[in-house]
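This is what each chain is made of:
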Amino acid sequence: MSVLFLVRAETGFSQQPAFAEPVDRGLIEAKEINEASGLAASRLMPGVLYTHNDSGDRTRVFAIDDQGALLATIVLDGVTARDCEDIATGVGPKEGTAYLYLADIGDNNAEHKVSRIYRFPEPEIQLSDRGQVIVIDAVETIAFTYPDGPRDAETLLADPVTGDLFIVSKRDEPCRLYRLPFPQKSGMLMTAEAAGVLPLTLAVAGDLSADGGEILIKNYLTVFYWKREVQQPVAQALTASPAIIPYEMEPQGEAIAWRGDGAGFYTLSEETFNIEAHLYYYPRLPSLYASSPVDRAVELTLQPNDPNPFDQAATISFTVPEMMKVELSVYNEQGQRVALLFQQTAVPGLYRVIWQAGVYGPGVYQCRLHTPLKTLTQVMTLGRER
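Quick caveat, the model's predicted, so the values are computed rather than measured.

(A) Summary view of the pattern of salt bridges. The full count for this structure, using the stated rule, is 19 salt bridges. The partner of Arg60 in a salt bridge is Asp57, with the nearest N and O atoms 3.0 Å apart. Its relative accessible area of 12% is what places Arg60 among the buried residues. Taking relative accessible area as the criterion, Asp57 reaches 25% and is therefore assigned partly exposed. The partner of Glu214 in a salt bridge is Arg284, and the shortest N-O contact between them spans 2.8 Å. Within this pair, whereas Glu214 is found in strand E18 (residues 214–218), its partner Arg284 is found in strand E23 (residues 278–292), the two being separated by 70 residues in sequence. Glu214 sits in the buried class, given a relative accessible area of 10%. A single network of salt bridges, built from pairs that share partners, joins Asp148, Arg151, Asp172 and Arg176.

(B) Representation of the sheet that holds strand E10 (residues 132–136) in the model. Taken together, five strands build an open sheet; the order of strands is E3-E4-E5-E6-E10 and the sheet is mixed. Taken across any chain shown, the strands that pair with only one partner, and hence form the sheet edges, are strand E3 (36–41) and E10. On average, each strand axis in the sheet is tilted by 25 degrees relative to the strand beside it, whichever way the strands run. Sheet topology places strand E4 (residues 48–53) next to strand E5 (residues 60–65); four bridges connect them, and they run antiparallel. Within E5, the position partnered with Tyr50 by the bridge is Ala63.

(C) Here's a closer look at the nonpolar core. Counting residues in each nonpolar core, the largest one holds 26 residues, and the members touching the most others are Phe318, Leu328, Trp355 and Met380. Of all the elements in the fold, those that place two or more residues in this core are strand E25 (313–320), strand E26 (324–331), strand E27 (337–346), strand E28 (349–356), strand E29 (363–370) and strand E30 (375–382). The residues contacting Phe318, other than those within four sequence positions of it, are Thr301, Leu302, Val326, Leu328, Phe342, Gly349, Leu350, Tyr351, Val353 and Leu369. In this structure, Ile74, Cys84, Leu102 and Val139 belong to the second largest nonpolar core, which totals 20 residues.

(D) Spatial organisation of the pairing of strand E6 (residues 70–76). Most of E6 sits inside the fold, with six of its seven residues counted as buried. Where E5 meets E6, five bridges bridge the pair, whose relative direction is antiparallel. Following the sheet pairing, Ala63 is matched in E6 by Ala72. Linking E5 to E6, which pair antiparallel, is a turn of four residues; within it Gly68 sits at a positive phi near 90 degrees.

(E) Structural view of unusual backbone geometry. Backbone torsion omega between Glu173 and Pro174 reads 5 degrees, so that peptide bond is classified as cis. Along the polypeptide, Pro174 turns up in the loop between strand E13 (165–169) and strand E14 (176–180). Residue Pro183 follows Phe182 across a cis peptide bond; omega there is 0 degrees. Among the structural elements, Pro183 can be located in the loop between E14 and strand E15 (189–191). Phi angles above zero are rare outside glycine, and Gln231 is one such case at about 70 degrees. One non-glycine residue, Phe273, lies in the positive phi region at around 55 degrees. The topology assignment puts Phe273 in the loop between strand E22 (264–269) and E23.

Conventions and cut-offs
- Residues numbered from 1 in each chain as written.
- Predicted model: local features only at pLDDT ≥ 70, side-chain atom pairs only at ≥ 80, totals over all residues.
- Heavy atoms only, no water.
- Salt bridge = Lys/Arg side-chain N within 4 Å of Asp/Glu carboxyl O.
- Buried < 20%, exposed > 50% of the residue type's maximum accessible area, 1.4 Å probe, protein only.
- Helix = DSSP H or I, 4+ residues; strand = E, 2+ residues; numbered from the N terminus.
- Pairing = 2+ DSSP bridges.
- Axes fitted to C-alpha atoms, helices over the stretch in contact; angles between N-to-C directions.
- Core = buried A, V, L, I, M, F, W, Y, C linked by side-chain atoms within 4.5 Å.
- Contact = heavy atoms within 4.5 Å.

Listed below in C-alpha coordinates is the structure:
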(Lines give C-alpha, C1' and ligand atoms only; values in the text may rest on other atoms or scores of the structure.)
Protein backbone atom coordinates (compact mmCIF):
# COMPACT_ATOMS: atom_id res chain seq x y z
CA MET A 1 0.00 0.00 0.00
CA SER A 2 1.08 3.63 -0.32
CA VAL A 3 1.49 5.92 2.64
CA LEU A 4 1.58 9.71 2.47
CA PHE A 5 3.26 11.81 5.13
CA LEU A 6 2.87 15.49 5.81
CA VAL A 7 5.80 17.40 4.40
CA ARG A 8 7.25 19.90 6.88
CA ALA A 9 5.57 23.18 6.02
CA GLU A 10 7.63 25.94 4.52
CA THR A 11 6.60 29.60 4.63
CA GLY A 12 3.07 29.91 3.33
CA PHE A 13 2.39 26.16 3.38
CA SER A 14 -0.87 24.83 4.81
CA GLN A 15 -2.02 21.36 5.72
CA GLN A 16 -4.77 20.02 3.51
CA PRO A 17 -6.56 16.69 3.43
CA ALA A 18 -6.86 14.47 0.39
CA PHE A 19 -10.10 12.71 -0.50
CA ALA A 20 -10.98 10.44 -3.39
CA GLU A 21 -13.80 10.99 -5.83
CA PRO A 22 -17.30 10.01 -4.63
CA VAL A 23 -18.50 6.45 -4.21
CA ASP A 24 -22.22 5.90 -4.82
CA ARG A 25 -23.30 4.06 -1.68
CA GLY A 26 -26.86 3.49 -2.84
CA LEU A 27 -30.28 4.82 -3.63
CA ILE A 28 -32.38 6.32 -0.84
CA GLU A 29 -35.22 3.87 -1.30
CA ALA A 30 -37.63 5.19 1.37
CA LYS A 31 -40.18 7.34 -0.43
CA GLU A 32 -40.72 9.39 2.72
CA ILE A 33 -37.21 10.81 2.37
CA ASN A 34 -37.65 13.15 -0.57
CA GLU A 35 -36.24 16.49 0.62
CA ALA A 36 -33.19 15.45 2.63
CA SER A 37 -31.81 18.64 4.10
CA GLY A 38 -29.45 17.45 6.82
CA LEU A 39 -27.17 14.52 7.63
CA ALA A 40 -25.33 13.32 10.75
CA ALA A 41 -23.46 10.17 11.76
CA SER A 42 -24.46 8.25 14.87
CA ARG A 43 -22.17 8.50 17.89
CA LEU A 44 -23.48 5.16 19.21
CA MET A 45 -23.68 2.85 16.22
CA PRO A 46 -21.11 2.83 13.38
CA GLY A 47 -22.79 2.75 9.99
CA VAL A 48 -25.96 4.55 11.13
CA LEU A 49 -26.78 7.98 9.71
CA TYR A 50 -29.58 10.43 10.49
CA THR A 51 -31.40 12.62 7.98
CA HIS A 52 -34.64 14.59 7.76
CA ASN A 53 -36.81 16.42 5.28
CA ASP A 54 -37.07 20.13 4.58
CA SER A 55 -40.14 22.24 5.41
CA GLY A 56 -43.60 20.74 4.97
CA ASP A 57 -42.90 17.42 6.65
CA ARG A 58 -43.84 16.22 10.10
CA THR A 59 -41.19 16.69 12.78
CA ARG A 60 -39.36 13.43 12.30
CA VAL A 61 -35.86 12.09 11.72
CA PHE A 62 -34.92 9.05 9.63
CA ALA A 63 -32.19 6.61 10.61
CA ILE A 64 -30.58 5.01 7.55
CA ASP A 65 -27.60 2.73 7.06
CA ASP A 66 -24.54 3.69 5.02
CA GLN A 67 -26.09 2.20 1.90
CA GLY A 68 -29.24 4.31 2.09
CA ALA A 69 -31.68 1.73 3.54
CA LEU A 70 -34.24 2.95 6.07
CA LEU A 71 -33.71 1.56 9.57
CA ALA A 72 -36.12 3.59 11.71
CA THR A 73 -38.31 6.69 11.79
CA ILE A 74 -37.95 8.84 14.89
CA VAL A 75 -41.02 10.96 15.62
CA LEU A 76 -40.65 13.98 17.92
CA ASP A 77 -43.91 13.95 19.86
CA GLY A 78 -45.53 17.31 20.58
CA VAL A 79 -43.13 19.27 18.37
CA THR A 80 -44.31 21.31 15.38
CA ALA A 81 -41.39 22.52 13.31
CA ARG A 82 -41.38 25.32 10.74
CA ASP A 83 -38.40 24.55 8.49
CA CYS A 84 -35.80 22.00 9.64
CA GLU A 85 -32.58 22.52 7.68
CA ASP A 86 -29.79 20.58 9.40
CA ILE A 87 -29.05 17.96 12.02
CA ALA A 88 -25.99 17.26 14.17
CA THR A 89 -24.84 14.77 16.77
CA GLY A 90 -23.02 15.95 19.83
CA VAL A 91 -22.69 16.25 23.57
CA GLY A 92 -25.33 17.72 25.84
CA PRO A 93 -26.43 18.42 29.40
CA LYS A 94 -26.01 14.83 30.62
CA GLU A 95 -22.41 13.69 30.61
CA GLY A 96 -21.79 10.47 28.71
CA THR A 97 -25.01 10.79 26.66
CA ALA A 98 -25.01 11.27 22.88
CA TYR A 99 -27.54 13.82 21.65
CA LEU A 100 -29.20 14.70 18.37
CA TYR A 101 -29.79 18.35 17.46
CA LEU A 102 -32.47 19.08 14.85
CA ALA A 103 -32.16 22.65 13.61
CA ASP A 104 -35.42 24.44 12.80
CA ILE A 105 -33.55 27.45 11.41
CA GLY A 106 -34.81 27.92 7.84
CA ASP A 107 -36.38 31.32 7.18
CA ASN A 108 -36.37 32.13 3.47
CA ASN A 109 -37.70 35.65 3.91
CA ALA A 110 -35.90 36.40 7.19
CA GLU A 111 -39.16 37.30 8.88
CA HIS A 112 -39.27 35.13 12.03
CA LYS A 113 -37.69 36.59 15.15
CA VAL A 114 -37.23 33.24 16.92
CA SER A 115 -35.50 30.11 15.62
CA ARG A 116 -35.32 26.76 17.41
CA ILE A 117 -33.10 23.73 17.81
CA TYR A 118 -34.58 20.51 19.19
CA ARG A 119 -32.35 18.37 21.40
CA PHE A 120 -32.97 14.77 22.43
CA PRO A 121 -30.87 11.74 23.41
CA GLU A 122 -29.83 9.57 20.50
CA PRO A 123 -31.93 6.37 20.55
CA GLU A 124 -30.37 2.93 20.29
CA ILE A 125 -30.74 1.71 16.72
CA GLN A 126 -29.27 -1.45 15.25
CA LEU A 127 -28.25 -2.08 11.66
CA SER A 128 -30.61 -5.07 11.75
CA ASP A 129 -33.60 -2.80 12.36
CA ARG A 130 -35.90 -2.24 9.41
CA GLY A 131 -38.81 0.17 9.39
CA GLN A 132 -39.42 0.56 13.12
CA VAL A 133 -41.01 3.75 14.52
CA ILE A 134 -39.52 5.37 17.63
CA VAL A 135 -41.50 8.08 19.43
CA ILE A 136 -39.47 10.60 21.45
CA ASP A 137 -41.47 12.61 23.98
CA ALA A 138 -38.53 14.04 25.97
CA VAL A 139 -37.53 16.77 23.51
CA GLU A 140 -35.87 19.97 24.70
CA THR A 141 -36.33 23.17 22.70
CA ILE A 142 -33.45 25.64 22.44
CA ALA A 143 -35.09 28.89 21.32
CA PHE A 144 -32.90 31.79 20.23
CA THR A 145 -32.80 35.08 18.37
CA TYR A 146 -29.98 36.59 16.32
CA PRO A 147 -28.28 39.76 17.62
CA ASP A 148 -28.69 41.52 14.25
CA GLY A 149 -32.17 40.50 13.16
CA PRO A 150 -33.75 37.38 11.62
CA ARG A 151 -31.61 35.20 9.39
CA ASP A 152 -32.19 32.33 6.98
CA ALA A 153 -29.82 29.51 7.91
CA GLU A 154 -29.27 25.89 6.86
CA THR A 155 -26.03 24.96 8.66
CA LEU A 156 -25.61 23.71 12.23
CA LEU A 157 -22.28 22.76 13.81
CA ALA A 158 -22.13 20.99 17.18
CA ASP A 159 -18.73 21.23 18.87
CA PRO A 160 -17.95 17.91 20.64
CA VAL A 161 -15.14 19.59 22.61
CA THR A 162 -16.94 22.55 24.21
CA GLY A 163 -20.61 21.68 23.64
CA ASP A 164 -21.16 25.00 21.85
CA LEU A 165 -23.54 25.17 18.89
CA PHE A 166 -22.79 27.26 15.79
CA ILE A 167 -25.20 28.44 13.10
CA VAL A 168 -24.05 29.68 9.69
CA SER A 169 -26.39 32.04 7.83
CA LYS A 170 -27.20 31.22 4.22
CA ARG A 171 -28.02 34.31 2.21
CA ASP A 172 -25.57 36.84 3.65
CA GLU A 173 -22.52 37.63 1.55
CA PRO A 174 -20.32 36.65 3.21
CA CYS A 175 -22.07 34.13 5.44
CA ARG A 176 -22.23 35.00 9.13
CA LEU A 177 -21.33 32.72 12.02
CA TYR A 178 -23.29 32.69 15.29
CA ARG A 179 -22.59 30.88 18.57
CA LEU A 180 -24.88 29.43 21.23
CA PRO A 181 -22.53 28.75 24.16
CA PHE A 182 -22.83 25.60 26.25
CA PRO A 183 -24.93 24.83 28.20
CA GLN A 184 -27.90 25.79 26.05
CA LYS A 185 -30.93 25.90 28.32
CA SER A 186 -34.42 24.98 27.21
CA GLY A 187 -37.45 26.92 28.40
CA MET A 188 -35.79 30.30 27.89
CA LEU A 189 -34.97 32.57 24.96
CA MET A 190 -31.25 32.87 24.16
CA THR A 191 -29.55 35.50 22.05
CA ALA A 192 -26.91 34.01 19.77
CA GLU A 193 -23.49 35.64 19.77
CA ALA A 194 -22.07 37.05 16.54
CA ALA A 195 -18.87 35.01 16.03
CA GLY A 196 -17.49 36.13 12.67
CA VAL A 197 -17.91 35.80 8.92
CA LEU A 198 -16.93 33.09 6.45
CA PRO A 199 -15.40 33.44 2.95
CA LEU A 200 -18.43 31.96 1.17
CA THR A 201 -22.11 32.46 0.59
CA LEU A 202 -25.19 30.23 0.29
CA ALA A 203 -24.00 27.79 2.97
CA VAL A 204 -26.42 24.85 3.07
CA ALA A 205 -24.79 22.27 5.38
CA GLY A 206 -21.84 21.60 7.66
CA ASP A 207 -20.35 19.22 10.19
CA LEU A 208 -17.61 18.93 12.79
CA SER A 209 -15.71 15.66 13.01
CA ALA A 210 -16.34 13.48 16.05
CA ASP A 211 -13.05 14.57 17.62
CA GLY A 212 -13.71 18.24 16.83
CA GLY A 213 -10.54 18.60 14.78
CA GLU A 214 -11.96 19.07 11.26
CA ILE A 215 -14.75 21.23 9.90
CA LEU A 216 -16.76 20.90 6.68
CA ILE A 217 -19.16 23.51 5.28
CA LYS A 218 -20.72 23.28 1.83
CA ASN A 219 -22.76 25.36 -0.55
CA TYR A 220 -24.40 24.05 -3.70
CA LEU A 221 -21.14 23.99 -5.66
CA THR A 222 -18.26 23.46 -3.24
CA VAL A 223 -17.17 21.72 -0.04
CA PHE A 224 -14.85 23.80 2.15
CA TYR A 225 -12.51 22.28 4.75
CA TRP A 226 -10.82 23.73 7.83
CA LYS A 227 -8.33 22.11 10.20
CA ARG A 228 -8.85 22.98 13.87
CA GLU A 229 -5.92 22.84 16.26
CA VAL A 230 -6.19 21.42 19.78
CA GLN A 231 -7.99 23.86 22.11
CA GLN A 232 -8.55 26.29 19.24
CA PRO A 233 -11.98 27.97 19.27
CA VAL A 234 -14.14 27.02 16.31
CA ALA A 235 -14.66 30.66 15.33
CA GLN A 236 -10.90 31.21 15.26
CA ALA A 237 -10.31 28.08 13.18
CA LEU A 238 -12.81 29.36 10.63
CA THR A 239 -10.86 32.59 10.11
CA ALA A 240 -8.22 30.63 8.17
CA SER A 241 -8.53 30.21 4.41
CA PRO A 242 -10.34 26.92 3.73
CA ALA A 243 -9.18 24.13 1.49
CA ILE A 244 -11.47 23.09 -1.35
CA ILE A 245 -11.96 19.33 -1.41
CA PRO A 246 -13.63 16.99 -3.93
CA TYR A 247 -17.34 17.39 -4.51
CA GLU A 248 -19.49 16.49 -7.49
CA MET A 249 -22.51 18.75 -7.64
CA GLU A 250 -25.83 17.07 -6.81
CA PRO A 251 -29.30 18.14 -8.01
CA GLN A 252 -29.87 20.07 -4.75
CA GLY A 253 -27.20 18.91 -2.32
CA GLU A 254 -28.03 20.29 1.12
CA ALA A 255 -26.57 17.65 3.46
CA ILE A 256 -23.07 16.64 4.54
CA ALA A 257 -21.65 14.58 7.42
CA TRP A 258 -18.35 13.16 8.52
CA ARG A 259 -18.21 9.42 8.93
CA GLY A 260 -18.03 8.60 12.63
CA ASP A 261 -14.39 7.53 12.49
CA GLY A 262 -13.33 10.44 10.26
CA ALA A 263 -12.35 8.12 7.40
CA GLY A 264 -14.37 10.19 4.93
CA PHE A 265 -17.60 12.13 4.55
CA TYR A 266 -21.08 11.63 3.09
CA THR A 267 -23.33 13.90 1.05
CA LEU A 268 -27.03 13.67 0.25
CA SER A 269 -29.38 15.69 -1.97
CA GLU A 270 -33.01 16.59 -2.05
CA GLU A 271 -34.95 14.88 -4.82
CA THR A 272 -35.53 17.43 -7.54
CA PHE A 273 -35.90 17.47 -11.31
CA ASN A 274 -37.30 13.91 -10.93
CA ILE A 275 -33.81 12.70 -9.94
CA GLU A 276 -33.81 10.18 -7.10
CA ALA A 277 -31.45 10.83 -4.21
CA HIS A 278 -28.31 8.76 -3.68
CA LEU A 279 -25.98 8.63 -0.70
CA TYR A 280 -22.41 9.48 -1.74
CA TYR A 281 -19.24 8.75 0.22
CA TYR A 282 -15.88 10.48 -0.23
CA PRO A 283 -13.14 8.30 1.33
CA ARG A 284 -10.06 9.95 2.74
CA LEU A 285 -6.78 9.21 0.97
CA PRO A 286 -3.97 7.93 3.19
CA SER A 287 -2.83 11.20 4.75
CA LEU A 288 -1.89 14.81 4.12
CA TYR A 289 0.18 16.73 1.63
CA ALA A 290 1.79 20.15 1.71
CA SER A 291 0.86 22.98 -0.61
CA SER A 292 1.83 26.58 -1.17
CA PRO A 293 -0.19 29.19 -3.07
CA VAL A 294 1.57 31.15 -5.79
CA ASP A 295 1.37 34.86 -6.52
CA ARG A 296 2.52 34.59 -10.13
CA ALA A 297 1.45 32.67 -13.19
CA VAL A 298 2.70 29.10 -13.33
CA GLU A 299 2.45 26.26 -15.79
CA LEU A 300 1.24 22.75 -15.22
CA THR A 301 4.41 20.88 -14.28
CA LEU A 302 5.52 17.58 -12.79
CA GLN A 303 9.07 17.63 -11.45
CA PRO A 304 11.41 14.62 -11.27
CA ASN A 305 11.08 12.99 -7.87
CA ASP A 306 13.74 13.74 -5.27
CA PRO A 307 15.89 11.71 -4.84
CA ASN A 308 15.96 9.62 -7.98
CA PRO A 309 16.90 6.78 -7.72
CA PHE A 310 15.52 6.42 -4.20
CA ASP A 311 15.57 3.75 -1.54
CA GLN A 312 12.53 4.15 0.73
CA ALA A 313 10.73 7.43 0.04
CA ALA A 314 10.60 10.08 -2.67
CA THR A 315 9.20 13.60 -2.75
CA ILE A 316 7.07 14.41 -5.79
CA SER A 317 6.43 18.07 -6.66
CA PHE A 318 3.98 19.54 -9.16
CA THR A 319 2.41 22.92 -9.94
CA VAL A 320 -1.16 23.70 -10.96
CA PRO A 321 -1.92 26.96 -12.85
CA GLU A 322 -5.68 27.10 -12.23
CA MET A 323 -8.39 25.33 -10.29
CA MET A 324 -8.82 21.86 -11.78
CA LYS A 325 -9.24 18.20 -10.96
CA VAL A 326 -5.86 16.56 -10.41
CA GLU A 327 -4.86 12.93 -9.96
CA LEU A 328 -1.33 11.80 -9.09
CA SER A 329 -0.64 8.06 -9.41
CA VAL A 330 2.26 5.61 -9.60
CA TYR A 331 2.32 2.75 -12.13
CA ASN A 332 4.59 -0.29 -12.36
CA GLU A 333 6.35 -1.59 -15.47
CA GLN A 334 3.27 -3.63 -16.41
CA GLY A 335 1.16 -0.47 -16.55
CA GLN A 336 -0.76 -1.31 -13.36
CA ARG A 337 -1.53 1.50 -10.93
CA VAL A 338 0.08 0.62 -7.60
CA ALA A 339 -0.47 3.85 -5.67
CA LEU A 340 -2.98 6.71 -5.75
CA LEU A 341 -1.22 9.64 -4.09
CA PHE A 342 -3.47 12.62 -4.75
CA GLN A 343 -6.98 13.02 -6.14
CA GLN A 344 -9.02 16.19 -5.72
CA THR A 345 -9.81 19.61 -7.11
CA ALA A 346 -6.63 21.61 -6.65
CA VAL A 347 -6.33 25.37 -6.39
CA PRO A 348 -3.41 27.11 -8.14
CA GLY A 349 -0.12 26.48 -6.38
CA LEU A 350 2.85 24.24 -5.67
CA TYR A 351 2.22 20.77 -4.21
CA ARG A 352 4.61 18.28 -2.62
CA VAL A 353 3.69 14.70 -1.80
CA ILE A 354 5.86 11.96 -0.30
CA TRP A 355 5.53 8.41 -1.59
CA GLN A 356 6.63 5.89 1.03
CA ALA A 357 7.59 2.92 -1.15
CA GLY A 358 9.05 0.55 1.42
CA VAL A 359 6.57 -2.23 0.64
CA TYR A 360 7.24 -2.15 -3.12
CA GLY A 361 9.87 -4.11 -4.99
CA PRO A 362 12.85 -2.48 -6.75
CA GLY A 363 12.24 -1.44 -10.31
CA VAL A 364 11.27 1.34 -12.66
CA TYR A 365 7.95 3.07 -12.02
CA GLN A 366 6.05 5.85 -13.74
CA CYS A 367 4.57 8.79 -11.85
CA ARG A 368 1.65 10.30 -13.78
CA LEU A 369 -0.08 13.62 -13.17
CA HIS A 370 -3.46 13.50 -14.90
CA THR A 371 -5.51 16.70 -15.42
CA PRO A 372 -8.13 17.94 -17.91
CA LEU A 373 -5.36 19.87 -19.67
CA LYS A 374 -2.96 16.97 -20.19
CA THR A 375 -1.16 14.08 -18.53
CA LEU A 376 2.48 14.46 -17.46
CA THR A 377 4.82 11.56 -16.68
CA GLN A 378 8.11 11.13 -14.86
CA VAL A 379 10.16 7.94 -14.52
CA MET A 380 11.02 6.83 -10.98
CA THR A 381 13.69 4.28 -10.11
CA LEU A 382 13.25 2.42 -6.87
CA GLY A 383 16.38 0.53 -5.86
CA ARG A 384 17.57 -0.34 -2.39
CA GLU A 385 20.75 -1.89 -1.13
CA ARG A 386 20.63 -5.59 -0.36
